[in-house]
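A look at the structure
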Amino acid sequence: MTTTALPTRQLGSTDMHITRVGFGAWAIGGADWAYGWGRQEDGQSVAAIRHALERGVNWIDTAAVYGLGHSEEIVAAALKDLPSDRRPYVFTKCGLVWNETDRSAPPRRIGAADSLRREVDNSLRRLGVERIDLYQMHWPTEDGTPLDDYWQTLLDLKKAGKVRAVGLSNHSAAQLAIAERLGHVDTLQPPFSAIRRGVAAAELPWCAEHRTGVIVYSPMQSGLLTGSFTKERAKGLPADDWRSRNPEFTGENLTRNLALVDALRPIAARHGISVGALAVSWTLSWPGVTGAIVGARSPEQVDGWLAAAKVTLTTADLEDISCALQRTGAGSGPVLPPS
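In this text, all values refer to a predicted model and were calculated from it rather than measured experimentally.

**Comments concerning the overall build of the chain**
- Across its full length, the chain carries 11 helices and 12 strands.
- Here the C-alpha radius of gyration of the chain, 19 Å, is about what a compact globule of 339 residues would show, namely 20 Å.
- For the chain, the spread of C-alpha atoms along the principal axes amounts to about 50 × 45 × 40 Å.
- Among the 339 residues that make up the chain, the fraction classed as buried is 57%.

Right under this line is the structure:
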């Protein structure tokens, strides 16, 4: 396979240098669970991952809970037989435990040490790897396990060599500070897009100050900012697609979000890229952000956002986007990266 080179950046203070965009494997987990994206074609999912790697992407982000193990299995299938010098970094997450007898039930947020140790062994087996490159706590717990305890468990897994680096996902700056006192937080994975901008206020500055790498998820707001999403498509989302129940995909929120997409089109055109690539590039323009996780279910979708890995937005671009955000009223949070 011929691989294209893409720019990389050091992931926090780890020894990993990652491309500015990574392959997100949430959607390819498939349907038949609480937060699925509807039916997926596994062959297309494998093709999408391999195409991303051929185009230069050097990391994949998944989670045990995506498809209740299925996403990790698809990642393993895509990486099977790849020579070691062409294998990407593989990142996954823990702390969400599902009910094997009721796949539709929302997973529970569990941080008990014995549960996390079982999870890492199961992920190693499904992924077919000897060590996970980045292991992340998916959410703060709801089982009464203190942050100090579950973070210590992840640090112990790192010390044992089962994982290379450890991070937190969906945690606040205050929670990051608590964890940092025990041992360095290698990474944070927060939601961040031109619509969902809250982490720009506190979490991104904290990470920049503490050399904690940041890989943001849903930079295209789960498809809303691709440039191809419409009100008709939103109405037609199947019941087994979690977006059909999300407020950003209905009513006035949807109207404002699609107005933002239209306002972004001329800015994207200036760079000769898609609106989706522009949306991803916008997240990468913020200090502290190392990379963006971008999902795809086909090789064509990969090609739609890959340009974000190389685009540098100008001050004028960022100011125009800021004006578009304020004019349309889409989303909430800071609108302009600090200079």
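What follows continues from the structure just given.
**Quick word on the pairing of strand 12 (residues 291-295)**
- With 4 of 5 residues buried, strand 12 lies mostly within the body of the structure.
- In this sheet, strand 12 lies alongside strand 11 (residues 213-216) in parallel orientation, the contact comprising 2 bridges. Within strand 12, the residue paired with Ile-215 across the bridge is Gly-291.

**Let's talk about the side chain of Gln-189**
- Tracing the sequence through the fold places Gln-189 in strand 10 (residues 187-189).
- A residue is classified by how much of its surface remains accessible, and Gln-189, at 1% relative accessible area, is buried.
- A polar contact is formed between the side chain of Gln-189 and the side chain of Asp-61, at a distance of 3.1 Å.
- Apart from residues lying up to four places away in sequence, Gln-189 is in contact with Asp-61, Lys-93, Gln-136, Leu-168, Ser-169, Asn-170, Ile-215, Tyr-217 and Ile-293.

**Brief notes about the environment of Gly-56**
- Checked against the element boundaries, Gly-56 lands in the loop between helix 1 (42-54) and strand 4 (59-61).
- Taking relative accessible area as the criterion, Gly-56 reaches 9% and is therefore assigned buried.
- A C-alpha to C-alpha distance of 33 Å links Gly-56 and Ala-330, two positions 274 residues apart in sequence.

About the thresholds
- Residues numbered from 1 in each chain as written.
- Predicted model: local features only at pLDDT ≥ 70, side-chain atom pairs only at ≥ 80, totals over all residues.
- Heavy atoms only, no water.
- Helix = DSSP H or I, 4+ residues; strand = E, 2+ residues; numbered from the N terminus.
- Rg over C-alpha atoms; globule rule 2.2 N^0.38 Å.
- Buried < 20%, exposed > 50% of the residue type's maximum accessible area, 1.4 Å probe, protein only.
- Pairing = 2+ DSSP bridges.
- Polar contact = N/O pair within 3.5 Å; in protein donor to acceptor, adjacent residues only side chain to side chain.
- Contact = heavy atoms within 4.5 Å.

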